[in-house]
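Overview (structure and organization)
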Number of protein chains: 2
Amino acid sequence: MGVTRKTRNLELVLDAFRNAQEALSAQLLMERLPADVNRSTVYRLLDRLEDDGVVHSFLASENIKFYALCKECPPSVHVHSHAHFQCNSCSQVVCLEQEVVVPTLNQYRVDEAQVLLKGQCATCMR
Amino acid sequence: MGVTRKTRNLELVLDAFRNAQEALSAQLLMERLPADVNRSTVYRLLDRLEDDGVVHSFLASENIKFYALCKECPPSVHVHSHAHFQCNSCSQVVCLEQEVVVPTLNQYRVDEAQVLLKGQCATCMR
DNA sequence: TAATTAATGCGACTGTGTTGCAATAATACG
DNA sequence: CGTATTATTGCAACACAGTCGCATTAATTA
């Protein structure tokens, strides 16, 4: 079950995502929120927002879960096979536009694909 | 720096991987080792084996790192863009043969691609 | 065989994320 | 508006993967 009540914390989290160009981990998100927002609350909000299809999540380096707003995802076909890029130097994560061609497998039914590309971002390359 | 000495624990770990059809997390690996093999030792062996290019690692669900033997990877071009599949029901992880077509990006230099496909394996589908 | 040093075991410690529970506050309804 | 309902919150404790320092053990070297 997802978000049903409009609370201060919910608004703060949504604003943080709207203002962010990149994907955010719970940790990064909390750094952008007032210090008095509870850690558990943040995790619970992220869960609910994901249930509602408002954000999607994926794992990046160091076993850190990142979240980003779902922009052009048709909620019906909510598969998220688009790729994410993480810079090995600054650790920043961005959502890419590209959909990834998921190989067809005859032994498995693929419901979801997580693609994380890693390398150097433009800023860290120069 | 990687593995240099041939120890009992090293042999046990390598045997476990050779006998496994699927990829193993540190946890799963430890279940297949004698109980007296220390947890830290397992993690350190995995690190060394990865440094040496003997195994490769990737993240699966629940923030768990999985490891598998590198079979046909040319050590020179050690990029590991091949996909992995994880069953949402039994959580088993396998290495797939398929290489994934990595999209070319002009703003980023991609050094590595991690592709995790999720769904149902043949056993869990019936 | 002795010296060197990689590997190990242990225990304590991170850091991410979860949970139970009581208190608080957003909504629904009269 | 005032009250009842219940979603949300804060807190503290917890779970778990993985790391680290350090003293001990054991594989290799000479």
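My aim in this report is to walk through the structure given alongside it, one point at a time. (Residues numbered from 1 in each chain as written. Chains lettered and ligands numbered in written order. Predicted model: local features only at pLDDT ≥ 70, side-chain atom pairs only at ≥ 80, totals over all residues. Heavy atoms only, no water.)

Residues and elements named next belong to chain A. Its 13 residues place the ends of helix H3 (residues 39-51) 19 Å apart at the C-alpha level, agreeing with the 18 Å of an ideal helix rising 1.5 Å per residue. Of the surrounding elements, those touching the buried residues of H3 are helix H1 (8-19), helix H2 (26-31), strand S2 (55-59) and strand S3 (65-69). Just beyond H3, the residue with positive phi is glycine 53, at close to 75°. (Helix = DSSP H or I, 4+ residues; strand = E, 2+ residues; numbered from the N terminus. Expected span 1.5 Å × (residues − 1). Contact = heavy atoms within 4.5 Å.)

On to the protein's contact with DNA strand C, then. The local shell around DNA strand C holds 25 residues, among which A:Arg39, A:Ser40, B:Thr4, B:Thr41 and B:Arg44 are the closest. Within 4 Å of the protein, the atoms of DNA strand C are drawn from sugar and phosphate moieties in a proportion of 62%. Measuring from a phosphate oxygen of DNA strand C, one finds a side-chain N or O atom of A:Tyr43 at 3.0 Å. Contacts to DNA strand C include B:Arg48, whose side-chain N or O atom sits 3.2 Å from a phosphate oxygen. (Near = heavy atom within 4 Å. Polar contact = N/O pair within 3.5 Å; in protein donor to acceptor, adjacent residues only side chain to side chain.)

Our next topic: the packing of helix H1 (residues 8-19) of chain B against helix H3 (residues 39-51) of chain B. All names here are of chain B. At a minimum axis distance of 11 Å, the contact between H1 and H3 shows a crossing angle of 70°. Judged on the interaxial angle alone, H3 and H1 are roughly perpendicular. Packed against H1, whose contacting residues are Asn9, Leu10, Val13, Leu14 and Phe17, the element H3 presents Thr41, Leu45, Leu46 and Leu49 at the interface. The residue inventory of the contact of H1 with H3, partitioned by class, reads seven nonpolar, two polar and no charged. (Axes fitted to C-alpha atoms, helices over the stretch in contact; angles between N-to-C directions. Parallel < 35°, antiparallel > 145°, perpendicular 65-115°, else oblique. Nonpolar A, V, L, I, M, F, W, Y, C, P; charged D, E, K, R; others polar.)

Here the focus is the sheet that holds strand S1 (residues 24-25) of chain B. All names here are of chain B. The three strands are arranged S1-S3-S2 in an open sheet whose pairing can be described as antiparallel. At either margin of the open sheet sits one strand with a lone partner, and together these are S1 and strand S2 (55-59). Where S1 meets strand S3 (residues 65-69), two bridges bridge the pair, whose relative direction is antiparallel. Bridging from a neighbouring strand, leucine 24 pairs with tyrosine 67 of S3. The sheet contacts of H1 involve S1, S2 and S3, and relative to S3 the element is tilted by about 85°. The strands that H3 touches are S2 and S3; relative to S2, the one it contacts most, it runs at about 110°. (Pairing = 2+ DSSP bridges.)

Next up on the list: the interface of chain A and chain B. Counting from both sides, the interface comprises 30 residues of chain A and, opposite them, 32 residues of chain B. Note on chain A versus chain B: buried area summed over both sides is about 2700 Å², and carbon and sulfur give 62% of it. At the boundary of chain A with chain B, the tally comes to 10 residue pairs in polar contact (both at pLDDT 80 or more). Elements with a minimum of two residues in the side of chain A that touches chain B: strand S5 (93-99), strand S6 (108-121) and helix H4 (122-125) of chain A. In terms of residue count, S6(A) provides more of the side of chain A that touches chain B than any other element does, 14 residues in total. (Buried area = accessible area lost by both parts, 1.4 Å probe.)

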